[in-house]
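Notes for the structure review
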Amino acid sequence: LAAKYSDRKQNQKPKRRTKIDKSAAKKATPKKELLYEEDLLGLAIAYRESAELLQNLPENCFSETNRDQLLEILKQNDREKLKKYDNYVKILLLKVDERYDGWKTSEVAVEITRLVQKVQKQHLEKQKDVLQDQLRDAETQSDDKLARKLLLEITKLNKEINSGKI
């Protein structure tokens, strides 16, 4: 028996390890991290009185264009235009019903305010990332004037992000 098993071990080829490219996985934003965007839109659709809380959000602050379009419709408080996105709206409402069932109106208003602040902060961080990429390009091209301007804008965004107002 020992000879039988020792022959098998000698004839087997060693397994090769495969390398996994983790850089692409880090760059892609997981869908779970952006669920708060859907929560905000769903709550805004379900609770009509929350429309004024959305007015502070900048344009194109969401990760997907259909969400941005829904936000603009909700800001205008034009419920007829929501019919264009009927299936998506139904999905959002189902998610909101499941997640926020039993919440009081005051609790929902606090949650909407928290989600608006989260979206605003995410938008500012996205802007900061774009400016940092531009700064890297300016530094490689030795454009000191543009680099100083970009640094000032980045520090302004950092102050706004860290101020606690958002």
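Residues numbered from 1 in each chain as written. Predicted model: local features only at pLDDT ≥ 70, side-chain atom pairs only at ≥ 80, totals over all residues. Heavy atoms only, no water.

A short note on the overall build of the protein chain
The number of helices and strands found in the protein chain is seven helices and zero strands. Counting from the amino terminus, the protein chain carries its helices and strands in the arrangement α-α-α-α-α-α-α. By residue count, 30% of the 166 residues in the protein chain fall in the buried class. Here the protein chain displays about 12600 Å² of accessible surface, and carbon together with sulfur accounts for 50% of that area. (Helix = DSSP H or I, 4+ residues; strand = E, 2+ residues; numbered from the N terminus. Buried < 20%, exposed > 50% of the residue type's maximum accessible area, 1.4 Å probe, protein only. Areas by Shrake-Rupley, 256 points an atom, 1.4 Å probe, with all protein chains shown as cover.)

What to know about the packing of aromatic side chains
In this structure the tally under the stated criterion is one aromatic pair. Seen from their ring centres, Tyr100 and Trp103 are 4.8 Å apart, and the 85° between their planes marks the pair as edge-to-face. On the basis of relative accessibility, which here comes to 5%, the residue Tyr100 falls in the buried class. Accessibility expressed as a relative area gives 36% for Trp103, which makes it partly exposed. (Phe/Tyr/Trp six-rings, centres within 6.5 Å; stacked < 30°, edge-to-face > 60°.)

Considering the nonpolar core
In terms of nonpolar packing, the biggest core is built from 27 residues, with Leu40, Leu54, Leu57 and Leu70 touching the most fellow members. Put simply, the parts of the chain that give this core at least two residues each are α3 (35-46), α4 (65-76), α5 (86-99) and α6 (105-140). Ranked by the residues each element gives to this core, the list is headed by α3, at six residues. Excluding residues that lie within four positions of it along the chain, Leu40 makes contacts with Leu54, Leu57, Phe62, Ile112, Leu115, Val116 and Val119. (Core = buried A, V, L, I, M, F, W, Y, C linked by side-chain atoms within 4.5 Å. Contact = heavy atoms within 4.5 Å.)

A short note on the side chain of Glu38
For Glu38, the position within the fold is in helix α3. Classification of Glu38 by relative accessible area gives buried; the value is 10%. A distance of 2.6 Å separates polar atoms of two side chains, one belonging to Glu38 and the other to Lys95. What Glu38 contacts, discounting residues up to four positions off in sequence, is Arg67, Tyr88, Leu92 and Lys95. (Polar contact = N/O pair within 3.5 Å; in protein donor to acceptor, adjacent residues only side chain to side chain.)

Brief notes about the confidence of the model for the protein chain
Looking at the protein chain, the pLDDT average stands at 82 and 79% of residues meet or exceed 70. Averaged pLDDT values for the elements of the protein chain fall to 46 in helix α2 (residues 23-27) and rise to 92 in α5. Low pLDDT, under 50, characterises residues 21-28; the stretch is placed with zero contacts to residues that sit more than four places away or in other chains. (pLDDT = per-residue confidence, 0-100.)

Some details on the packing of α4 against α5
It is the contact of α4 with α5, at a shortest axis distance of 12 Å, that shows an interaxial angle of 85°. Between α4 and α5, the interaxial angle falls into the category roughly perpendicular. Each of Asn66, Arg67 and Leu70 in α4 lies in contact with α5, whose residues at this interface are Tyr88, Val89 and Leu92. A class-by-class count of the residues in the contact of α4 with α5 yields four nonpolar, one polar and one charged. (Axes fitted to C-alpha atoms, helices over the stretch in contact; angles between N-to-C directions. Parallel < 35°, antiparallel > 145°, perpendicular 65-115°, else oblique. Nonpolar A, V, L, I, M, F, W, Y, C, P; charged D, E, K, R; others polar.)

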